[in-house]
Amino acid sequence: MIVIGAGVEQSIDPAGDELGRDRIGYGPTMSPLALYDATHGTWHLGERAHRERFALITHDGRGVLAVAVDRVEPADPGPQGSGRSVIHGEILTTGHPMYDAYVGAPSPIPPQRNPVGYFDAPEEQTACACGCDEPLPAGKHFASGHDQTALHERVRQLGSVVDFIAWFDRTHGYWPDINVVYEPVTLKDGSLTGAPARARHRLGCNHFYLDEDGRILNRPRLASLEEMASLRPCKTCQDASAKAATKK
Ligand SMILES: [Zn+2]
Ligand SMILES: [Zn+2]
């Protein structure tokens, strides 16, 4: 969680503010939205800010606003920009665990000179994906080294790495170049049907639709990791891929 200490509300010249605001900081009569506008930027944020899912604005040692971070971006991306960033996100309210734990409560970090700090909140920890229950900070899947152990325990169940690869290729198929999805479209005008793709293809296979001028109607795009795992490879593309492999 990003923890930002906001100062007392003050009027500023909009011409001198990268967000064009006329006031910044915390005022006791501000609505949550006004407080968000006055405090979600502009800050010097490190790399870590981009991995954090929540931000807490504090004032005078107490939490005053909790935000679920959507994205962190430069206040002014131009070459004349200040290098300061803005946090964009959703204002949290009563009932959200981060709001309930930190808004109106003492700041989770001790007073510091830098207005920007970080806190590993217990509410945002996740358990290690190997199943060992070790709590992890937000954004991490495994405790250090546990991914290797979990993977090799599975390899050992099937024997050696050779046996594991043979099993993987037999059950899932090894088709790394069958990695393109054509978005389903209507034949009439090529508009997207919104339906999910049913198979993945090689780029350049002719399993798309052409209009009268020979333009491709379907929009090809790279398959996501999830689609690489869940979509079957097109049979014709498999044959083409196998032929290409034996030619080498
Ligand atoms: Zn673990
Ligand atoms: Zn195909």
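Not measured: the values here are computed from a predicted model.

### What about the pattern of salt bridges?
By the definition in use, this model includes 10 salt bridges. In this structure, Asp-120 engages Arg-48 in a salt bridge whose closest nitrogen and oxygen atoms are separated by 3.2 Å. Here Asp-120 is found in the loop between β8 (116-118) and β9 (126-127), whereas its partner Arg-48 is found in the loop between β4 (41-43) and β5 (54-59), with 72 residues between them in sequence. Asp-120 gets classed as partly exposed once you look at its relative accessible area, which sits at 41%.

### Thoughts on the side chain of Ser-241
Turning to its location among the elements, Ser-241 is positioned in helix α6 (residues 235-247). There is a polar contact of 3.1 Å between the side chain of Ser-241 and the side chain of Asp-177. For Ser-241, the contacting residues outside a window of four places in its chain are Trp-175, Asp-177, Ile-178 and Arg-202.

### Here's the deal with the coordination of the zinc ion (ligand 1)
Reference values for angles at a metal are 109.5 degrees in the four-donor tetrahedral case and 90 or 180 degrees in the six-donor octahedral case. For the zinc ion (ligand 1), the protein coordination sphere consists of Cys-128 (SG), Cys-130 (SG), Cys-132 (SG) and His-146 (ND1), at 2.0 to 2.4 Å. With four donor atoms in place around the zinc ion (ligand 1) and angles of 102 to 117° between them, the coordination shape is tetrahedral. Mapping the donors of the zinc ion (ligand 1) onto the primary sequence yields the spacing C-x1-C-x1-C-x13-H.

### Some points on the sheet that holds strand β1 (residues 2-5)
Reading across from one edge, β4-β7-β6-β5-β1-β8 is the order of the six strands in this open sheet, with mixed pairing throughout. Each edge of the open sheet carries a strand with a single partner, namely β4 and β8. Each strand of the sheet is rotated relative to its neighbour by a mean of 40°, with strand direction disregarded. Here six bridges tie β5 to strand β6 (residues 62-74), and the two strands are oriented antiparallel to one another. In the sheet register, Phe-54 faces β6, and the bridge partner there is Ala-68.

### Digging into the packing of helix α3 (residues 146-158) against helix α4 (residues 161-171)
Packed helix pairs are characterised by how far apart their axes lie and by the angle those axes make with each other. As a packed pair, α3 and α4 sit with axes 8 Å apart at the nearest point and diverge in direction by 85°. What the angle tells us is that α3 and α4 run roughly perpendicular. Taking contact as the criterion, the partners of Arg-154, Val-155 and Leu-158 in α3 are, on α4, Val-161, Asp-163, Phe-164 and Trp-167. Broken down by class, the residue content of the contact of α3 with α4 amounts to five nonpolar, no polar and two charged.

### Examining the domain arrangement of the chain
If you check the domain split of the chain, you get domain 1 (2-123), domain 2 (125-170) and domain 3 (180-241). Taking only C-alpha atoms into account, the centre of domain 1 sits 37 Å from that of domain 2.

### So, the packing of aromatic side chains
What characterises a pair of aromatic rings is the spacing of the ring centres plus the angle enclosed by the ring planes. Tallied over the entire structure, the rule returns two aromatic pairs. Summarising the aromatic geometry, the rings of Tyr-102 and Phe-119 are spaced 6.1 Å apart at their centres and angled 70° between planes, so their arrangement reads as edge-to-face. With Tyr-102 in helix α2 (residues 97-102) and Phe-119 in the loop between β8 and β9, this residue pair connects regions lying 17 residues apart in the sequence. Accessibility expressed as a relative area gives 21% for Phe-119, which makes it partly exposed. Plain terms: the ring middles of Phe-164 and Trp-167 are 5.6 Å apart, the flat faces sit at 45° to each other, and that makes the pair tilted. Remark: Trp-167 and Phe-164 occur in helix α4; sequence separation between them is three residues, near one turn of the helix.

Cut-offs used in this document
Residues numbered from 1 in each chain as written. Chains lettered and ligands numbered in written order. Predicted model: local features only at pLDDT ≥ 70, side-chain atom pairs only at ≥ 80, totals over all residues. Heavy atoms only, no water. Salt bridge = Lys/Arg side-chain N within 4 Å of Asp/Glu carboxyl O. Helix = DSSP H or I, 4+ residues; strand = E, 2+ residues; numbered from the N terminus. Buried < 20%, exposed > 50% of the residue type's maximum accessible area, 1.4 Å probe, protein only. Polar contact = N/O pair within 3.5 Å; in protein donor to acceptor, adjacent residues only side chain to side chain. Contact = heavy atoms within 4.5 Å. Donors = N, O, S within 2.8 Å, 3.2 Å for Na, K, Ca; no water. Tetrahedral: all angles 85-135°; square planar, octahedral: opposite > 155°, others 65-115°. Pairing = 2+ DSSP bridges. Axes fitted to C-alpha atoms, helices over the stretch in contact; angles between N-to-C directions. Parallel < 35°, antiparallel > 145°, perpendicular 65-115°, else oblique. Nonpolar A, V, L, I, M, F, W, Y, C, P; charged D, E, K, R; others polar. Domains from an automatic or database assignment. Phe/Tyr/Trp six-rings, centres within 6.5 Å; stacked < 30°, edge-to-face > 60°.

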